[in-house]
Structure formats: structure tokens, C-alpha cells
Amino acid sequence: MFYSYHSTRNEKYNVIEVHPRKENQVRYLSTVDDGVWVSIRLDTTLRLYHAKTYQHLQNLDIEPFITKMLGI
């Protein structure tokens, strides 16, 4: 889960479930325009969410790129 907080009121603004397993951790967040890319620890899928509506937009499996880069 990813919790977003209101910056001036210091209160929870929204909760987004980014992975079905509760024990998985969000590793990285990156924003581009109105999108937020989320990387989960030990998962080869990047997830894209809309920054304002929190709607899930896309999954990108990067496992083939990692395998090719490592030459496995």
C-alpha cells in the first residue's frame, strides 16, 4: 500500500493498494507529468498510476529487459 499525506495538514490523504501481497514494499516512486511510476521490491513489474485520480493505468514487465541486459 502507498499512503499519500497532505503536506500542510499532515494527515492521510489517500491510500493506494499497489500490490496484492501486504508484505511487499514500495521501493521507488517517480513522477512524470500526471503519472506516478511505482516500483515494488523484488518485483519486475513497474506500475503507472494517475497522480490526481490514483487510477491504475498500466503495468510494465521489465523482466525481459533485465534478462537481456544480464545475458541470462
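Values in this document were obtained by computation on a predicted structure and should not be read as measured data.

Conventions adopted
- Residues numbered from 1 in each chain as written.
- Predicted model: local features only at pLDDT ≥ 70, side-chain atom pairs only at ≥ 80, totals over all residues.
- Heavy atoms only, no water.
- Helix = DSSP H or I, 4+ residues; strand = E, 2+ residues; numbered from the N terminus.
- Buried < 20%, exposed > 50% of the residue type's maximum accessible area, 1.4 Å probe, protein only.
- Contact = heavy atoms within 4.5 Å.
- Pairing = 2+ DSSP bridges.
- Axes fitted to C-alpha atoms, helices over the stretch in contact; angles between N-to-C directions.

### Observations regarding the overall build of the chain
Part 1 of the reasoning: A tally of regular secondary structure across the chain gives one helix and six strands.
Part 2 of the reasoning: The linear arrangement of helices and strands in the chain, starting from the amino end, is β-β-β-β-β-β-α.
Part 3 of the reasoning: In the chain, which comprises 72 residues, the share counted as buried stands at 19%.
Part 4 of the reasoning: At a minimum sequence separation of 6, the contacts of the chain that also span at least 24 residues come to 12%.

### What about the sheet that holds strand β5 (residues 45-50)?
Part 1 of the reasoning: Taken in spatial order, the four strands of this open sheet run β3-β4-β5-β6, and their pairing is antiparallel. Sheet topology places β3 (26-32) and β6 (56-61) at the edges, where each strand pairs with a single neighbour. Put simply, the sheet's adjacent strands are angled 20 degrees from each other on average, direction ignored.
Part 2 of the reasoning: Two strands pair when backbone bridges link them, and strand β4 (residues 35-40) and β5 are joined in this way by five bridges, in the antiparallel orientation. Looking at the pairing, Val38 lines up with Arg47 of β5.

### Some points on helix α1 (residues 63-70)
Part 1 of the reasoning: When you tally the buried positions in α1, you get zero out of eight residues, a small fraction of the element.
Part 2 of the reasoning: Downstream of α1 by a residue or two, Gly71 has a phi angle that is positive, lying close to 75 degrees.

### Re unusual backbone geometry
Part 1 of the reasoning: A positive phi angle, close to 50 degrees, is found at Asp33, a residue other than glycine.
Part 2 of the reasoning: The exposure class of Asp33 is exposed, given its relative accessible area of 77%.
Part 3 of the reasoning: Even without a glycine there, the phi angle at Leu42 is positive, about 60 degrees.
Part 4 of the reasoning: Position of Leu42 relative to the elements: it lies in the loop between β4 and β5.

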